[in-house]
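Overview (structure and organization)
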Amino acid sequence: MVLPSAPSPRSSRLRLASAVRRDGLTLIELLVVIGIVAGLIALLLPAVQAAREAARATQCRNNLRQIGLATLQHHDALGHFPPARLRIRNWDEIECETTQPSWFARILGYLEQGSAHAQWDFSRPYEEHPTELREFGPDVFVCPSRRTVSESVIASGATEEVVTYPCGCSGLETAWLTSGVTGDYAGNHGDFTGGSYGSQTDYWRGGNGTGVIISCRPECRGLRPGGARDKVRLKDVLDGASNTFLAGEMHIPAERLAQAPENGPLYNGKDLTAFARIGGPSVPLARGPEDASVGILGFGSWHPQNCPFVLADGSVRSIDVLIDTVVLKGWCHRSDASGADEVFPDWWPGLL
């Protein structure tokens, strides 16, 4: 009887090495796995980014809904929509015009910011209020696709703007800008009906706006502005609250966030473009942050293909950025622009 021979130490080592090689990965196999994982990540990344943008767009629309509901509560409490600001129509009233706070300060109390609202004195100039108050803004005032509130404060300093005068000539003016928080939403001031040529019919003067949140003439109380003379009420929205913009996301060019004049302090009643915008044939919706054809008076979003608005009934709607500009004018004009004609602008916002 022949007994099996014991394996030699050398053959045992060979089998062990072979087993080790079978349990591991070769360099080529490892590179293949890494390539597959990278490919899967590349496929998933656009979907993740799209999901994040969808969430941010939803939050943006929710911000507008809250602003709209707060504005409607102001209407219910006081009987009218808040004035975008108090602004005279002719120079005979200049003694009671100041840089008083804008409409955003007036709705703070309806956004659960009663303490901040109580500190604003609407008969005093914006720049006379405390720095902490001017630079305070709730999260609801900024679009999450653009920034956070902490990134929205503009510092005090000198700014230069090209100003077109009623004579048609223009010049460079230097102005001192007082610090304040900026935002991404603006009230619907209407369309360009009335033009902007230095006459009393200019759309930006008190009572001339065709929208819902418009510049209103002040009730003079001594040398201080009091209430608003030109009150817009729901009954004045002849086209229907569900067919008229109340506020929307405003166009701010890329790289110009928290920079004047494109994005000035939203509580400063002097700078209309900081808190109100217009729309129509002369001012279409911007097609994105890179669109340089709209100027700084139009609405526009950083969300692709659409711009969100809250309507005068509190509902929210996203509007295609390619909307016909005549239709856009109807959304902006509270009377559907019946019988009103726009004139194309040759202005610069320094007049506003």
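Below: a short report on this structure. (Residues numbered from 1 in each chain as written. Predicted model: local features only at pLDDT ≥ 70, side-chain atom pairs only at ≥ 80, totals over all residues. Heavy atoms only, no water.)

Focus: unusual backbone geometry
Leave glycine aside and you will find that most residues have negative phi; peptide bonds, for their part, are mostly trans. Following Ala260, the chain continues to Pro261 via a peptide bond in cis, the omega torsion being 5°. With respect to the element layout, Pro261 can be found in the loop between strand S10 (245-249) and strand S11 (276-278). For Glu112, which is not glycine, the phi torsion reads 60° and is therefore positive. Inspection of the secondary structure assignment puts Glu112 in the loop between helix H3 (103-106) and helix H4 (114-119). When its relative accessible area of 77% is taken as the criterion, Glu112 is described as exposed. Here the phi dihedral of Ala258 falls at roughly 55°; this positive angle occurs in a residue that is not glycine. Note that Ala258 resides in the loop between S10 and S11. (Helix = DSSP H or I, 4+ residues; strand = E, 2+ residues; numbered from the N terminus. Buried < 20%, exposed > 50% of the residue type's maximum accessible area, 1.4 Å probe, protein only.)

Brief notes about the pattern of salt bridges
In this structure the tally under the stated criterion is 10 salt bridges. Counted as one network, the salt bridges with shared partners bring together Arg146, Arg147, Asp184 and Glu249. (Salt bridge = Lys/Arg side-chain N within 4 Å of Asp/Glu carboxyl O.)

A few points about the sheet that holds strand S6 (residues 185-190)
The strand order S11-S6-S10-S12-S13 describes an open sheet built from five strands, whose pairing is mixed. Since the sheet does not close on itself, it has two edges, and those belong to S11 and strand S13 (316-320), each with one partner. If you compare each strand with its neighbour and ignore which way they point, the axes differ by 40° on average. Both S6 and S11 contribute to a ladder of three bridges, which runs parallel. Counterpart to Asn188 in the pairing with S11 is Arg277. (Pairing = 2+ DSSP bridges. Axes fitted to C-alpha atoms, helices over the stretch in contact; angles between N-to-C directions.)

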